Amino acid sequence: MITGKTKTLAVIGNPVSHSLSPVFQNAAIEAAGLDYIYTAFPVADGKLEAAINGMRAMEISGLNVTIPHKERVMKYLDSIDRDAEILGAVNTIVNKDGVLTGYNTDVKGFVGGMKEKGFEPKGKKTVLLGAGGAARAIIWGLIQEGVASLTIGVRNVPKVRPLVEYFSKYMEITLLDWSTAEFETALEKAELLINATPLGMCPYVEAMPPVNWDKVPKGILAYDIIYTPAETLFLKTAREHGCETLNGEAMLVGQGAESMRLWAGIEPDTEVMKKALRQALEERK
Ligand code: NAP
């Protein structure tokens, strides 16, 4: 029951009404028997500072932050965790006795998805397809996990070069045009292949990044961070080719679960969260 003691959590963004976070976070709250509620607050572009002041004034326990506020919110916080500092983006704010700390849980969400499946990225030759907004957390996660090598294939190399240069101080990264023979050579050695492009996402389910599957070793893990549909054409093709597959549900739920750990100090039930997410996605179809 919601009472005067119930603590408030929310996601802020613009727009935010489409967010699935309230669905799986409230499922986690209920499963853990926590006296929290998780909602969504739309925050217009010019209202971010007011929203964070409101968080302080109303003692809101925690927030998730989504587009377009992930970068700009940093300047209104009291401290920033290392992952968030390196990524230049905050997706979680913890209010501890009036002190606001910014975190980025996308990294743990991305890595946790693989580990939950029993896949250990350490020492693996890794190929990443696409390098847009989501790729920063992926690249940083792969570096921290100690992958053996990282090759990024994209359609527009000059556009991605600054991102690769930024992370090159932590690890040598190879950036290639994905239509080249050199990229196919990288594919032949891959042990982990990740799709971080939106190609294949609903409603464009017939699309797929240009992978020459003849070059991809069978049995490797193909990880698509898309979660609608549950099996993209990339994952279907990978499965039929003999690869292990993983979709983006675990990453989405994983970043939320890490936020919940930070806010409430509990180990949330990620299976309950995934079930709630799947049900909500089904209802949206
Ligand atoms: P993005 O910034 O728009 O694009 C990612 C990459 O895909 C970029 O390299 C982009 O290249 C490339 N790309 C986009 N459209 C393309 C096309 N038609 N042909 C070839 N390359 C194309 O996307 P994002 O924000 O990183 O998100 C990528 C996907 O991840 C989305 O489907 C998103 O829903 C999903 N996602 C999932 C999670 C999760 O928790 N599971 C979290 C975040 C994102 P250019 O720069 O050249 O356009």
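Reading the values: rules and limits
Residues numbered from 1 in each chain as written. Predicted model: local features only at pLDDT ≥ 70, side-chain atom pairs only at ≥ 80, totals over all residues. Heavy atoms only, no water. Phe/Tyr/Trp six-rings, centres within 6.5 Å; stacked < 30°, edge-to-face > 60°. Helix = DSSP H or I, 4+ residues; strand = E, 2+ residues; numbered from the N terminus. Buried < 20%, exposed > 50% of the residue type's maximum accessible area, 1.4 Å probe, protein only. Lys NZ or Arg CZ within 6 Å of the ring centre and 35° of its normal. Axes fitted to C-alpha atoms, helices over the stretch in contact; angles between N-to-C directions. Parallel < 35°, antiparallel > 145°, perpendicular 65-115°, else oblique. Left-handed = near helix turned anticlockwise from the far one by under 90°. Contact = heavy atoms within 4.5 Å. Polar contact = N/O pair within 3.5 Å; in protein donor to acceptor, adjacent residues only side chain to side chain. Pairing = 2+ DSSP bridges. Domains from an automatic or database assignment. Buried area = accessible area lost by both parts, 1.4 Å probe. Salt bridge = Lys/Arg side-chain N within 4 Å of Asp/Glu carboxyl O. Nonpolar A, V, L, I, M, F, W, Y, C, P; charged D, E, K, R; others polar. Arc of directions from axis to C-beta.

A. Local environment of the packing of aromatic side chains. Within this structure, the stated rule accounts for seven aromatic pairs. Between Trp213 and Phe234 the ring centres are 5.5 Å apart and the planes differ by 50°, which places this aromatic pair in the tilted class. Highlighted residues: Trp213 in the loop between strand 10 (192-195) and strand 11 (221-224) and Phe234 in helix 8 (residues 233-241), separated in sequence by 21 residues. Given the relative accessible area of 0%, Phe234 is considered buried. Members of the aromatic cluster, connected to one another through ring pairs, are Trp140, Tyr166, Phe167 and Tyr170. Between Lys124 and the ring centre of Phe119, over which it is positioned, the NZ or CZ distance is 5.2 Å. Above the plane of the ring of Tyr166 lies Lys169, whose end atom (NZ or CZ) is 4.1 Å from the centre.

B. Expanded view of the packing of helix 4 (residues 106-116) against helix 9 (residues 249-264). In the contact formed by helix 4 and helix 9, the axes pass within 7 Å of each other and the chain directions differ by 130°. Relative to helix 9, the element helix 4 lies oblique. Helix 9 is crossed by helix 4, and the crossing has right-handed handedness. For the pair helix 4 and helix 9, the contacting residues are Asp106, Lys108, Gly109, Phe110 and Gly113 in the first and Ala250, Met251, Gly254, Gln255 and Glu258 in the second.

C. Quick peek at the side chain of Asn195. Inspection of the secondary structure assignment puts Asn195 in strand 10. Given a relative accessible area of 0%, Asn195 falls into the buried group. Reaching out from Asn195, the side chain makes a polar contact with the side chain of Asp224 at a distance of 3.1 Å. Apart from the residues lying within four places of it in its own chain, the contact partners of Asn195 are Leu129, Pro209, Tyr223, Asp224, Ile225, Ile226 and Phe234.

D. How the structure looks around the pairing of strand 6 (residues 99-103). Where strand 4 (residues 79-80) lies against strand 6, two bridges are found, and the strand directions are parallel. Paired with Ile80 across the strands is Gly102, a residue of strand 6. Linking strand 5 (residues 92-96) back to strand 6 in an antiparallel pair, the connection comprises two residues, with Asp97 at a positive phi of about 50°.

E. Main features of the domain arrangement of the protein. Each domain of the protein was delimited in the assignment, giving domain 1 (5-102) and domain 2 (105-247). Computed over C-alpha atoms only, the centres of domain 1 and domain 2 are separated by 29 Å. Taken together, the nine residues of domain 1 in the interface contact twelve residues of domain 2. For the pairing of domain 1 and domain 2, the buried interface totals around 820 Å² over both sides, and the portion due to carbon and sulfur atoms is 46%. Contact with domain 2 buries surface across domain 1, with Asp83, Ile86 and Leu87 losing the most and accounting together for 64% of the total. Between domain 1 and domain 2 we count one salt bridge in total. One salt bridge connects Asp106 with Lys70, and the closest N-O pair in it is separated by 3.1 Å. Where domain 1 touches domain 2, the interface holds six residue pairs in polar contact (both at pLDDT 80 or more). It is helix 3 (residues 82-87) that provides the largest number of residues to the side of domain 1 that touches domain 2, a total of five residues. Taken together, the residues that form the side of domain 1 that touches domain 2 break down as three nonpolar, two polar and four charged.

F. Representation of the environment of Glu59. Along the polypeptide, Glu59 turns up in the loop between helix 2 (48-57) and strand 3 (62-65). Owing to a relative accessible area of 64%, Glu59 belongs among the exposed residues under this scheme. The spatial distance from the C-alpha of Glu59 to the C-alpha of Arg82 is 24 Å, given a sequence separation of 23 residues. With residues up to four places along the chain from it excluded, the contact list for Glu59 reads Gly54 and Asn95.

G. Inspection of helix 8 at higher detail. Looking only at helix 8, the buried set comprises Phe234, Leu235, Thr237, Ala238 and His241. In a view along the axis of helix 8, the buried residues occupy a sector of 165°, so they form one face of it. Elements that come into contact with the buried residues of helix 8 comprise strand 7 (125-129), strand 10, strand 11 and strand 12 (244-246). Of the residues one or two after helix 8, Gly242 is the one with positive phi, at around 105°.

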